[in-house]
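# Per-entry structural report
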Amino acid sequence: MEDSDSNHLAGATPAADQGSGSPSFGMSDISAIIAEEIDAAAKQAPRPESTADPDKPLKKRPVWLHLIVLFFQLLFLAPVYAGLLAGAVGAGVGWYYFDGSADLDLGLVARPDIGALVKDVKGVEIGRAGSMNRLLLTREEIPPHFIDALIAAEDQRFFVHPGFDPVGSIRAAWANYRSEAIREGASTLTQQLARDVYRLEGKNFDRKLAEIAAAVRIEGAYSKDEILVLYLNRIYFGSGFYGLGSAARGYFGKQASELTIDESALICGTIPSPSRYSPFVNADQAKKNRDQTLRRMHDTGTLTADELDRFLAMEVKVASSREDSLERGQISYLISRIERELREEIASWPEAPESLDGYTVETSADLAAQQQAAKVIDRHLSGLSTGADEADPLEAAFVLIENATGEVLVSVGSRDYQRSEYDRAVEMKRPPGSAFLPFLYAAAYESGPFTPATILLDAPFDNREMGLGAVGGILGEWSTENPANRWEGEITAAEALTKSKNSPSARLGLIVGLESLRRVAEASGIASELREMPGSLLGASEASLTELVRAYSVFSNNGKPAPAPRLIREIRDASGKTVARPSANAPAPALKESTARAIVSALPMIASVPGARGKSGTTPTFTDAWHFGFNETHTWGLWIGRDRFSPIRPLAFGGEIAQPLSESLAAGILPPAPVAAAKEP
């Protein structure tokens, strides 16, 4: 009876082998024990009253059995606990970010900046700075099929989610995992709108959570239709087009309400990467993105199979002519440059305005001349191009400034800004090659004892001493502005500069030294580094076109460089009060007047621009062709080359490739009245 009772208390049946003195258990017994334990823990039922002898100690359950029971408890209950914990943490984190977004001004979402009115030197309106030249639309002006395309392409659960879409995020993550690439984004339209309106700070994950919180706030303040309109009036569609109204006019020359289904799909296809997916930049990729959007429209039921096939068969046709594209591109380019200057100017104010609405910015730019210059450049480059130029097309940049003030009259930073927004006039730095020689001779005349009459030797010179990129050979055989190079023996320094002779220039440079040349370059306005290598004496160090144009002004300005080039002349507030007139502080002289006159007299005259002189330049590998010119009032410069540093073509000398275009541009822009010729030294 005692054995039976004790076994009962232990929750087991008697052992088969009574002689062992230890109980033995089967799998059915263990299952019964586990079931009893779980049931006891869940129901907290009292144990049955024992009939055992109270004075006899109870047998303890073996440790290994406790471990088995504990294992199964964890196995069944851990996911429940983990889920509860994750939910609690997620709710806490969500509330933290949602509460942190309480101070966001939700009114900003419906108030896109109008921006500052920007005028050119003749009072012609260029556009608006700070507003991205948007054309604001109403809901009625947006065709229903555009909304269908947008939802299919960007946010298929837009009308049901509260601002963020966990289901869509999981789907995008799975699609990206399967394709082993980023094929789909996880941000909803409302999140994209929040990102555009607010400057959300923090690291990637932190910023994403803040973005979600802001999106939820926006969803609580605006209807879905309102969010769609606000979104489409703000976002960037590539090639300088902000907002649907601007994109419809820019890509197809029509109002948004007139867009067809395939045109709507193409515009929506630019959203993931506007600068790369613009049809002006990459027509093939734009068509692929358009077709993907059309297929998604079919998947969501807004296109029939027949409609899908018909639209997929259509070619991508942007309505603008080449000249229209160039003209619009220069407007976008100027606005971008002016906005950059405007930000720098406002940063110096004691208190920055909350908005530029109502401000007017007067500039020195000549819009008509800017647009005409872009067309002339494009035609010239088309004449130089070959069929092999598709992968790395010819590009150019042109800058013309006023000597006395540094004001920029024309600055073309890209052959076609709607295809490439890279500003080669300011951001690009390339070696000027032989166009740098005037500064070497100026440094020589400044440091003495050299003069224009100093005799130099024009004879074979081992190129390896200068390190200009050739494997070997004689310096000057391939790098003068005249391909028919001829050794002339002893010649004057002035003649060597006039003929752009590398051999005598190299000999002179090694005596003058880099430090003297560096002082002249910096004082003239070249901020880029003159690198420690012999080739820098002959223009192997890089500089920007705008830097070099300013530096060339030192020759016609009697040794003084022009002030730092700029476009903004004056900024007025809404009341018409002038609030800023960017400083035109005259820099200190860089050269003696006699040195400047000596350089001027050695440079060839430009017949098409009265009183002007100029200098062309070529890099040894024929990757860069330059020409600079100046008269008493203005200085200008032109660069031609390729972004990938491949040669323009064999024997592409600046005097042949760049000089005719540079002189033509200057003659077409500058006043026709004759200007007094520069004085002889």
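For the structure, check the block above.
Everything numeric here is computed off the predicted structure, so don't read it as measured data. (Residues numbered from 1 in each chain as written. Predicted model: local features only at pLDDT ≥ 70, side-chain atom pairs only at ≥ 80, totals over all residues. Heavy atoms only, no water.)

### Some details on the overall build of the protein chain
For the protein chain, the helix and strand inventory stands at 23 helices and 13 strands. Taking all 681 residues of the protein chain together, 49% fall into the buried category. Restricting to contacts in the protein chain with at least 6 residues of sequence separation, those with at least 24 account for 70%. Carbon and sulfur atoms provide 56% of the accessible area of the protein chain, an area that totals close to 32,800 Å². (Helix = DSSP H or I, 4+ residues; strand = E, 2+ residues; numbered from the N terminus. Buried < 20%, exposed > 50% of the residue type's maximum accessible area, 1.4 Å probe, protein only. Contact = heavy atoms within 4.5 Å. Areas by Shrake-Rupley, 256 points an atom, 1.4 Å probe, with all protein chains shown as cover.)

### Regarding the nonpolar core
Counting residues in each nonpolar core, the largest one holds 75 residues, and the members touching the most others are L342, Y441, Y445, L517, F555, I599 and F628. Among all residues touching F555, those that are not within four sequence positions of it are P438, F439, A442, L591, A596, I599, V600 and F630. (Core = buried A, V, L, I, M, F, W, Y, C linked by side-chain atoms within 4.5 Å.)

### Overview of the packing of aromatic side chains
On inspection of all chains with the given rule, the structure shows 16 aromatic pairs. Measuring from centroid to centroid gives 5.2 Å for Y251 and F280, while their planes differ by 55°, and the two rings are tilted. Taken as a pair, Y251 in helix α9 (residues 244-252) and F280 in the loop between α11 (274-277) and α12 (283-299) lie far apart in primary sequence, 29 residues in all. Neither Y251 nor F280 differs from the other in exposure class; each is buried. Considering the side-chain rings of Y333 and Y417, the 5.7 Å spacing of their centres and the 70° angle between planes classify their relative orientation as edge-to-face. A residue pair is termed long-range when its members are at least 10 positions apart, and Y333 in helix α14 (residues 322-347) and Y417 in the loop between β5 (408-412) and α16 (437-447) qualify at 84 residues. Through a chain of ring-to-ring contacts, three or more aromatic side chains come together here, namely F436, F439, Y552, F555, W626, F628 and F630. Directly above the aromatic system of F158 lies the positively charged group of K224, at a separation of 4.4 Å from the ring centroid. (Phe/Tyr/Trp six-rings, centres within 6.5 Å; stacked < 30°, edge-to-face > 60°. Lys NZ or Arg CZ within 6 Å of the ring centre and 35° of its normal.)

### Observations regarding the sheet that holds strand β8 (residues 568-572)
Strand order in the open sheet formed by five strands is β2-β1-β3-β8-β9, with mixed pairing between adjacent strands. In the strand order of this sheet, the two ends are held by β2 (125-129) and β9 (578-580), each with one partner. Here the average twist between neighbouring strands, direction ignored, is 30°. Relative to strand β3 (residues 360-363), strand β1 (residues 116-119) runs parallel, the two being bridged by three bridges. By the bridge assignment, K119 is partnered in β3 with E362. The strands touched by α14 within the sheet are β1, β2, β3, β8 and β9, with β2 carrying the most contacts at an inclination of about 50°. (Pairing = 2+ DSSP bridges. Axes fitted to C-alpha atoms, helices over the stretch in contact; angles between N-to-C directions.)

### What to know about the environment of D291
In this fold, D291 is placed in helix α12. A relative accessible area of 8% means that D291 is categorised as buried. For the pair D291 and D309, spaced 18 residues apart in the sequence, the C-alpha separation amounts to 10.0 Å. A polar side-chain atom of D291 sits 2.8 Å from a polar atom in the side chain of R290. (Polar contact = N/O pair within 3.5 Å; in protein donor to acceptor, adjacent residues only side chain to side chain.)

### Comments concerning the pairing of strand β11 (residues 612-618)
Burial runs high along β11: seven of the seven residues are buried. Residues of β11 alternate between two faces, with A612, G614, S616 and T618 on one and R613, K615 and G617 on the opposite face, all of them buried. Across two bridges, strand β10 (residues 605-606) lies against β11 in antiparallel orientation. What sits directly across from M605, in β11, is R613. Where β10 folds back onto β11 in an antiparallel hairpin, the turn is made up of five residues, including G611, whose phi is positive at roughly 75°. Connecting the antiparallel pair β11 and strand β12 (residues 624-630) is a turn made up of five residues, with F622 showing a positive phi of about 60°.

### Thoughts on the environment of V376
Summarising the element assignment, V376 is placed in helix α15 (residues 367-384). Residues V376 and S664 lie 288 residues apart in sequence; the distance between their C-alpha atoms is 8.8 Å.

### What to know about the pairing of β8
Most of β8 is tucked away: four of the five residues are buried. Bridging between β3 and β8 involves four bridges; their strand directions are antiparallel. Note on β8: the bridge partner recorded for V361 is I571. Here β8 runs beside β9; their pairing, made up of two bridges, is antiparallel. Within β9, the residue paired with R572 across the bridge is T578.

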